[in-house]
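Working through the structure, step by step
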Amino acid sequence: MLVRFWGTRGSIPVALTSSDIRRKVETALSMAIAKGVDSPDKVRSFIDNDLDFSIAQTYGGQSPCVEIETGRAEYLVCDMGSGARAFGGRIMAAQKSDPIVVNVLMSHVHWDHIMGFPFFTPAYVPGARIRIFGCHDVIEKAFRLQQSAPCFPVDFSRLSADIEFVKLEAGKTVDIAGYQVTPKLQRHTGDSYGYRFERDGKAIVYSTDSEHKLEDPAETEEFVAFFRNADLVIFDAMYSLLDAVSVKEDWGHSSNMVGVELAQLANVKHLCMFHHEPAFNDERIQSVLNETIRFEQLTRGDRALIVSAAFDGMEIEV
Amino acid sequence: MEIKNKTYGDVLVLSPEGRIDHANSEDFRNSLVPFIDRCKSDCERMVLDLAGVDYISSAGLRCFMLAEKQAKSQGGTIVVAAMQPVVKEIFEISRFTLVFDTFATVREAIAKFSPAALKAYQA
């Protein structure tokens, strides 16, 4: 079971600026000079071993789109944020003679989670089959609306693929692309839904755009049950705890600390922080990751929890 | 949850003990409320003495935030003192240091408020 992240940023896509790149290059070269890096082999070793991820690479800026490999001639993906554009390109490049089949699970239809679909090339391919699953009644309406005049030049009705919308119910498990998929209602403006994917004794949870009210033990227990013994939980850790309980309370997102606490209570193996704040640069996300790893160490019980921060292009083998 | 408390001049020092986590945070909050009601501009300033607290979770920190909001709306002030190293790190990771003034000792916290309170504390 391989999870591949095509978009990991929350709310709105962002991109590095020229000055961001220049700062990374300057920092890296200065460090290389100090370390006496003077050959191609040393350059590669230096990049791999000496540079922080936030200098050598980037967390990326596409909005949510996460693929879960199926091992079959069909695709499974959570959300259609701007990362879906590159995901569609990958599908087209890999496609042979079989028709394209894509299963999409929608957490909700806020803009950052649907904006990639008009740029998702398989939607324009005759014979391609796209099934869009979700618990909201308004999913089809939202997809059609964003491709209506005057917002977009190509109307939804002109898409050539066979596109079907399938309604799911929270708590009711269904079989999709070989996975047992269970949706769960989450706290977010207009509601959102998390999904638990199970197959061959492994479990992956996709839980984004979800605020956790700490004063409600029953709600906490519900999420602990939803995350229970998962191999990977992809978790909305957009805010610091301070922001989540003060100025950004009721904005529908959660924090790194609550993610660690829920994962520890649920005996999760790997917590992957997701839906990064668009105002954060790479250094800030790296700093939040380092602090979260430290928080996990401070609060660890019998078993260590792996903590990571998702980046565009990241792959996790479960 | 019982919270030890002692008044020095116009400063109230609250000294909770043990863990404050999701299991007991609401008890903690309920115990805190009567004290927060007294934390006003013309009444008592408050020091949360955390020397006896060995762990605090997000749910516990949320109680601090609610207390701070209420006290602030009443013109009161709450500061935090004497955190154990683990609690201090958690406090920093949570970014609560942006909201609360923190002090290494209760004495330093009281000194910030008034000479009279410090004198009473040292007596």
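Residues numbered from 1 in each chain as written. Chains lettered and ligands numbered in written order. Predicted model: local features only at pLDDT ≥ 70, side-chain atom pairs only at ≥ 80, totals over all residues.

Concerning the domain arrangement of chain A
All names here are of chain A. Splitting chain A by domain gives domain 1 (2-14 + 58-317) and domain 2 (18-56). Distance between the C-alpha centres of domain 1 and domain 2: 32 Å. In this assembly, 5 residues from domain 1 lie in contact with 4 residues from domain 2. Grouping the amino acids of the side of domain 1 that touches domain 2 by side-chain chemistry returns 1 nonpolar, 2 polar and 2 charged. (Domains from an automatic or database assignment. Contact = placed C-beta atoms within 7 Å. Nonpolar A, V, L, I, M, F, W, Y, C, P; charged D, E, K, R; others polar.)

Concerning unusual backbone geometry
All names here are of chain A. Looking along the chain, the bond that leaves Ala149 and enters Pro150 is cis, with omega of 5°. Along the chain, Pro150 turns up in the loop between α6 (139-146) and β6 (162-167). With a phi close to 70°, Asp79 is a non-glycine residue in the positive phi region. Inspection of the secondary structure puts Asp79 in the loop between β3 (75-78) and α4 (84-94). The class of Asp79 is buried, set by 28 C-beta atoms lying within 10 Å. (Helix = DSSP H or I, 4+ residues; strand = E, 2+ residues; numbered from the N terminus. Buried ≥ 20, exposed ≤ 12 C-beta atoms within 10 Å, placed from the backbone.)

A few points about α4(A)
Residues and elements named next belong to chain A. When α4 is considered as a whole, its buried residues turn out to be Ala84, Arg85, Phe87, Gly88 and Ile91. Viewed along the axis of α4, the buried residues span an arc of 160°, placing them on a single side of the element. Among the exposed residues of α4, those pointing more than 90 degrees away from its buried face are Ala93 and Ala94. Each element contacted by the buried residues of α4 is listed here: β1 (2-7), β2 (65-68) and β3. (Arc of directions from axis to C-beta.)

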